[in-house]
Amino acid sequence: MIGLISATAAGAGARDRLAAAWPDRTRVYEGSVADAVRAAFAECEQLVCFLATGAVVRLIAPLLGDKRTDPGVVCVDEGGRFAVSLVGGHGGGANELAVEVGELLAAQPVVTTATDAVGVPGLDTLGFPVEGDVAGVSRALLDGEPVALDAELAWPLPPLTVSEHGSYVIRVTDRAVEPAEREVVLRPPSLVVGVGASRGAPVDEVLGLVESAVREAGLSLACLAQLATVDAKSEEPGIVEAAGRLGVPLVTYSADELAAVEVPNPSDAPLAAVGTPSVAEAAALVGGGELLVPKRKSERADGQPAMATCAVVRRVARGRLAVVGLGPGARDLVTPRAKAELRRAAVLVGLDQYVDQIRDLLRPGTVVLESGLGAEEERARTAVAEARKGQAVALIGSGDAGVYAMASPALAEASDDIDVVGVPGVTAALAAAAILGAPLGHDHVSISLSDLHTPWEVIERRVRAAAEADIVVTFYNPRSRGRDWQLPKALAILAEHREPGTPVGVVRNASRPDESSRLTTLAALDPATVDMMTVVTVGNTATRDIAGRMVTPRGYRWQASQAAQASREVAK
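The rules behind each value
Residues numbered from 1 in each chain as written. Predicted model: local features only at pLDDT ≥ 70, side-chain atom pairs only at ≥ 80, totals over all residues. Heavy atoms only, no water. Axes fitted to C-alpha atoms, helices over the stretch in contact; angles between N-to-C directions. Helix = DSSP H or I, 4+ residues; strand = E, 2+ residues; numbered from the N terminus. Parallel < 35°, antiparallel > 145°, perpendicular 65-115°, else oblique. Left-handed = near helix turned anticlockwise from the far one by under 90°. Contact = heavy atoms within 4.5 Å. Nonpolar A, V, L, I, M, F, W, Y, C, P; charged D, E, K, R; others polar. Pairing = 2+ DSSP bridges.

A. Layout of the packing of helix H7 (residues 203–216) against helix H8 (residues 237–246). As a packed pair, H7 and H8 sit with axes 8 Å apart at the nearest point and diverge in direction by 55 degrees. Compared by their axis directions, H7 and H8 come out oblique. Taken as a pair, H7 and H8 cross one another with a handedness that is right-handed. Note on element contacts: H8 touches H7 through Gly238, Ile239, Glu241, Ala242, Arg245 and Leu246, opposite Val203, Asp204, Val206, Leu207, Val210 and Glu211. Along the lines of polarity and charge, the residues of the contact of H7 with H8 split into 7 nonpolar, 1 polar and 4 charged.

See the structure below:
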């Protein structure tokens with residue numbers, strides 16, 4: 001919950017805008033400002049104070065305790081010009097909140113955290129626990145001092161400016177080791193504990209077994225990713241509560257899924273009870289990995305039979321491939337999600353001219369693998385290969401990565417041994433449509449006229465089908481020096497089913513500095529004026545030129561009403 005506090009009418013106005021936009025995330029605190037701040041600080045995860053920073057500093061100073069648990073605090077000035085991340089930038093999420101508040105109130109976010117200011121990822125913002133000298137190692141990264149990466153586990157990390165050797169160390173491990181001087185230990189979620197339990201097994205017995213199995217194996221509970229069990233035990237109170245106390249999800253599998261997993265210690269007892277010869281080991285091994293602790297039973301002080309079993313597996317680190325659409329070219333059409341993925345990636349793969357567009361968004365230390373035109377399949381293979389090494393990879397393309405771009409070859413190359421994330425982007429068709437007016441107001445289709453990957457016979461059949469179905473058509477790759485006859489042929493096919501005056505929109509370099517557009521007709525369009533940087537949109541029989549804008553109505557009733565109105569005018 002985000003507590004909102006203001007002292008003046010101007011502040012209250014901005015406060016109320018925030019409350020209206022985030023009704024489920026915010027709570028307004030009225031009355032004395034000092035009392036409101038104290039109450040919100042105790043009750044909320046974050047605060048937005050519409051007050052001077054000096055006043056907020058004095059109010060929260062006596063309340064500050066631990067940066068890991070204190071709420072994040074953002075200050076917004078009376079004029080609504082700035083959203084300042086005051087305290088809890090990383091741990092309290094104030095940096096991200098300042099950006100969100102800034103976007104909503106049209107205020108400039110102010111983030112002074114050193115790592116954020118220079119683009120270095122904060123070691124305490126990587127999404128998993130961190131121990132040791134965070135401040136010292138972060139300062140070394142900022143100062144350019146050599147920092148060594150000791151990765152006992154291959155795990156996808158954001159770009160870090162590390163060296164082979166250094167007096168400061170970032171260690172990635174799930175072993176229960178204490179950080180040395182000048183060392184930070186990152187705890188990735190690498191451990192899965194499979195659990196089986198008899199009906200009514202006490203939570204303390206289940207929890208004690210899990211904790212002792214992990215610790216006695218020399219492992220860290222901070223690296224626990226999940227508990228896993230059979231579907232039949234999905235509501236067993238002892239297991240459910242144990243997962244809750246450990247702060248990890250409980251994942252369940254069917255008996256058939258578990259029975260298909262090869263385990264070293266099958267048993268007849270679970271087979272008779274729930275239909276699989278193994279619960280603990282099989283549930284932990286479903287996703288593959290190394291069995292670190294074979295099935296073991298709990299020990300009861302009263303000498304009664306054990307009611308719980310568990311097994312511990314180190315799961316295989318999965319690389320991460322984000323396929324990112326950069327939009328049509330304008331920086332403000334690159335989505336926030338795309339920017340976040342670019343900053344998260346340790347390896348960037350892309351066409352050289354696209355890399356140049358977003359190079360400034362990359363964090364220091366990002367490895368850039370770029371190539372020229374015509375190497376799409378090579379880039380896809382490279383991106384997947386890097387992800388299979390356990391890297392966090394971004395593969396970029398223009399527009400939307402799934403539309404005539406890199407998603408298709410990448411996913412054709414990838415298997416289920418890596419995580420794949422799609423990041424949508426604004427397509428050329430949508431960017432062109434916004435410039436032309438509303439040509440895609442009804443059913444529409446995009447067709448590439450390039451026959452480099454698709455036989456012309458197939459393309460022609462698709463154009464003819466769209467023509468016969470009276471669908472608005474957007475042509476990608478309409479014409480190049482070596483392909484100058486396909487567009488005239490496609491237009492001729494459409495002309496068999498549409499009037500010569502059918503509106504046609506032509507947009508070149510949509511959203512880029514040299515953008516140009518014009519509205520013409522099917523009969524008047526000169527294909528020689530079109531090139532590969534152009535998108536051509538041909539309307540359907542309902543599309544109209546209205547005040548110089550290309551408009552396709554959402555339904556045909558509008559067209560019928562226009563005809564009726566024209567008839568009435570004639571009758572008069």
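This is not the end of the story, as more comes after the structure.
B. Representation of the sheet that holds strand E17 (residues 347–351). If you trace the 5 strands from one edge of the open sheet to the other, you get E18-E17-E19-E16-E20, paired in parallel fashion. Every other strand in the sheet has two partners, leaving strand E18 (367–371) and strand E20 (419–423) as the edge strands with one partner each. For this sheet the average axis-to-axis angle between neighbouring strands, irrespective of direction, equals 15 degrees. As paired elements, strand E16 (residues 320–325) and E20 share 5 bridges and run parallel to each other.

C. Main features of the packing of helix H1 (residues 9–21) against helix H4 (residues 94–105). Relative to each other, H1 and H4 sit at 105 degrees, their axes nearing to 11 Å. By the angle class used here, H1 and H4 are roughly perpendicular. On the side of H1, the interface is formed by Ala14, Arg17, Leu18 and Ala21, while H4 contributes Val101, Leu104 and Leu105. Grouping the amino acids of the contact of H1 with H4 by side-chain chemistry returns 6 nonpolar, no polar and 1 charged.

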